[in-house]
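# Residue-level structure breakdown
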Amino acid sequence: MKKTLLLSVAASAMLMAGGDIAPVVETEAAPAPAEFLIFNNIYAKGEIRPRYEFVNTDNTVGDANAYTNRLQLGIGADFMQIDGLSVYLEATNVAGTGDYYDITDDDIGDKGIYNVVADPGQTRITQAYMDYKFGDTLIRAGRQGVNLDNQRFVGTVNWRQMPQTYDAAAIINNSIENLDLMAAYIWRVNTIFAPHSNLTGIKKVDAFDTNSVILHGAYHFMPELTLTAYDYLIEDFADTYGIAATGNIGLDFGKVSYRAEYAHQADPTNGEGSADADYYNIEATLNANGFLVGARYEVLGAGNDATVGSFKTPLATLHGQNGWADMFLNTPDDGLVDVNGMIGYKHETLGLIKAVYHDFSSDAGSTDYGTEWDVVYKNKIPGVKGLTGMLKGAWYSADDYSVDTTKVWVMLDYKFSSK
């Protein structure tokens, strides 16, 4: 039912110059011409990520059973024998089969028949950039992945098989001790979706042009405190500016990691649109000899005025934020309050097991948005370097907001690199 796409990438390039050496007659041999290589220190890396995904909703749509795979191959090198200059090229193929709707026009016959799994078959150049590094400054131009902080605002959506990347020019500077600065201009966003995506009520496109700027700075005072300030000026959407305090507090039996954050969305500097909403987040996790206990209180506020919408984060990696069932990829008009708690255990050889409980409600009014349990187990596969396995599930109870939803994943992830 799904088209299976195969990607085969092979790359090799080398230019060498040489010459014949004349016989030596009572003179020193002439020095051989120096080699000039366009590409030096060539390396390759890649990923193979097969996954089974099951989706059940408490309605008349059939269960989704999707078997998908990510094949990602990249090659990088120093370029033109110029100190600090390098290039990187990466291609990603997503292939799949099974009974599911991949939200493309090509699969329109499965719309309303099977539940959605947003991993349409496609092949794309996911990264193609040039780096120039001098001193404590890095300039990167081209198609690239961008993950900032916890990816609440800007991320690559790496949970889906096709990552989200950005056509951008970025500059990163660390010349001042303990201060990390980053600025980028984005002219195109390449989303996780394939061309001809089709999902009623939600704009899903494979890419869109933009004239957006992201500014980000972090100062590390001490292990217990880092202050981060940011301003994300997204064309035709909003200006989002905020501040976050993060850190790790050491204890005799472990450590506490925390994050406290506030942000505000205002009318966009560039383009049309209106916004006036607030964001709050406070979270902490205790790691006591591998035993994990955490809590989080997060608010994506309703608009402060009836004419504007709720707080939204359109460039975020949303899957990791408000429940793995992905019920809140679009913030409800009355905002979202997510109160959640986590318990788990992490061990070098036994892996990670974690359970998270969410209680969802509206910011404005008192609407109950339901509850959710999320559980994951992840570990290295013995005997194969770079191979991990994952079992993961999400169980959402809707109450009166939506429909009960169950999602289950079984995944292998193999990463390799010649570097």
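Residues numbered from 1 in each chain as written. Predicted model: local features only at pLDDT ≥ 70, side-chain atom pairs only at ≥ 80, totals over all residues. Heavy atoms only, no water.

Okay, the overall build of the protein next. The number of helices and strands found in the protein is zero helices and 18 strands. Counting over 419 residues, the protein shows a buried share of 43%. Pairs at least 24 apart in sequence give 58% of the contacts found in the protein among residues at least 6 apart. Surface exposure of the protein reaches about 21,300 Å², of which carbon and sulfur atoms provide 58%. (Helix = DSSP H or I, 4+ residues; strand = E, 2+ residues; numbered from the N terminus. Buried < 20%, exposed > 50% of the residue type's maximum accessible area, 1.4 Å probe, protein only. Contact = heavy atoms within 4.5 Å. Areas by Shrake-Rupley, 256 points an atom, 1.4 Å probe, with all protein chains shown as cover.)

Along the chain, Leu181 falls in strand β7 (residues 179-190). Taking relative accessible area as the criterion, Leu181 reaches 37% and is therefore assigned partly exposed. Sequence separation between Leu181 and Tyr230 is 49 residues; the distance between their C-alpha atoms is 9.9 Å. For Leu181, the contacting residues outside a window of four places in its chain are Ile171, Ile172, Asn173, His216 and Gly217.

This next bit is on the pairing of strand β4 (residues 122-134). Pairing geometry for strand β3 (residues 85-99) and β4, over ten bridges, is antiparallel. Paired with Leu89 across the two strands is Ala128, which belongs to β4. In this sheet, strand β5 (residues 137-144) lies alongside β4 in antiparallel orientation, the contact comprising seven bridges. What sits directly across from Asp131, in β5, is Arg140. (Pairing = 2+ DSSP bridges.)

Moving on, we get to a positive patch on the surface. Together, Lys255, Lys346, Lys378 and Lys415 give the surface a local cluster of positive charge. Relative to the helices and strands, Lys378 resides in strand β16 (residues 368-380). On the basis of relative accessible area, Lys378 is assigned to the partly exposed category, the value being 39%. (Patch = residues over 30% accessible without salt bridge, like charges linked within 9 Å, V, L, I, M, F, W, Y side chains within 5 Å. Salt bridge = Lys/Arg side-chain N within 4 Å of Asp/Glu carboxyl O. Lys, Arg positive; Asp, Glu negative; His and termini not counted. Charge placed at Lys NZ, Arg CZ, Asp CG, Glu CD.)

With that out of the way, let us pick up the nonpolar core. Of all hydrophobic cores here, the largest spans 36 residues; its most connected members are Phe153, Tyr166, Ile214 and Tyr232. Within the residue set of this core, elements represented by two or more residues are β6 (165-173), β7, β9 (225-234), β12 (277-288), β16, β17 (387-397) and β18 (405-417). Here the element with the most residues in this core is β7; it accounts for four residues. When neighbours within four sequence positions are excluded, Tyr232 is seen to be in contact with Leu148, Asp149, Phe153, Val154, Val213, Ile214, Leu215, His216, Ala238, Asp239 and Thr240. In this structure, Ile103, Ala118, Ile192 and Phe193 belong to the second largest nonpolar core, which totals six residues. (Core = buried A, V, L, I, M, F, W, Y, C linked by side-chain atoms within 4.5 Å.)

What follows deals with unusual backbone geometry. Phi is positive for Asn289, which is not a glycine, with a value near 55°. By the secondary structure assignment, Asn289 is in the loop between β12 and β13 (291-300). Positive phi, close to 60°, is recorded for Asp326, a residue that is not glycine. Residue placement: Asp326 occurs in the loop between β13 and β14 (336-347). Assessed through its relative accessible area of 16%, Asp326 is described here as buried.

A contiguous nonpolar patch, built from Phe36, Met80, Ile82, Tyr132, Phe134, Ile139 and Ile171 and spanning about 580 Å² of accessible area, is present on the exposed surface. Looking at the element boundaries, Met80 is found in the loop between β2 (64-79) and β3.

Evaluation of the coordinates by the stated rule reveals 13 salt bridges. Of the charged contacts, one joins Glu298 and Arg296 as a salt bridge, the two residues approaching to 3.1 Å between their closest N and O atoms. Note on Glu298: relative accessible area 0%, which makes it buried. Put simply, Arg51, Glu53, Asp119 and Arg160 are held in one network by salt bridges that share partners.

Within the secondary structure, Ile343 sits in strand β14. According to the relative accessible area criterion, Ile343 is exposed, its value standing at 54%. Distance in space between the C-alpha atoms of Ile343 and Thr285 is 9.2 Å, their sequence separation being 58 residues. Those residues within four positions of Ile343 in sequence are excluded, and the remaining contacts are Leu292, Ile353, Lys354 and Ala355.

With that settled, consider a negative patch on the surface. Judged by side-chain charge, Asp58, Asp359, Asp368, Asp399, Asp400 and Asp404 come together as a negatively charged surface patch. Tracing the backbone through its elements, the reader meets Asp58 in the loop between β1 (39-57) and β2.

Moving on, we get to the side chain of Lys407. Tracing the backbone shows Lys407 in strand β18. Look at Lys407: it is buried, it has no salt bridge, and the nearest opposite charge is Asp326 at 4.2 Å. For Lys407, the side chain forms a polar contact with the main-chain oxygen of Ala325, separated by 3.0 Å. Ignoring sequence-local partners within four residues, the contact set of Lys407 consists of Phe54, Val55, Trp324, Ala325, Asp326, Lys392, Gly393 and Ala394. (Polar contact = N/O pair within 3.5 Å; in protein donor to acceptor, adjacent residues only side chain to side chain.)

Moving on, we get to the confidence of the model for the protein. With 89% of its residues at a pLDDT of at least 70, the protein reaches an overall mean of 90. pLDDT under 50 marks residues 1-25. Its contacts with residues more than four places away, or in other chains, come to 40 contacts. (pLDDT = per-residue confidence, 0-100.)

With that out of the way, let us pick up the side chain of Arg259. Inspection of the secondary structure assignment puts Arg259 in strand β11 (residues 254-266). Residue classification places Arg259 among the buried positions, given a relative accessible area of 11%. For Arg259, the side chain forms a polar contact with the side chain of Glu261, separated by 2.9 Å.

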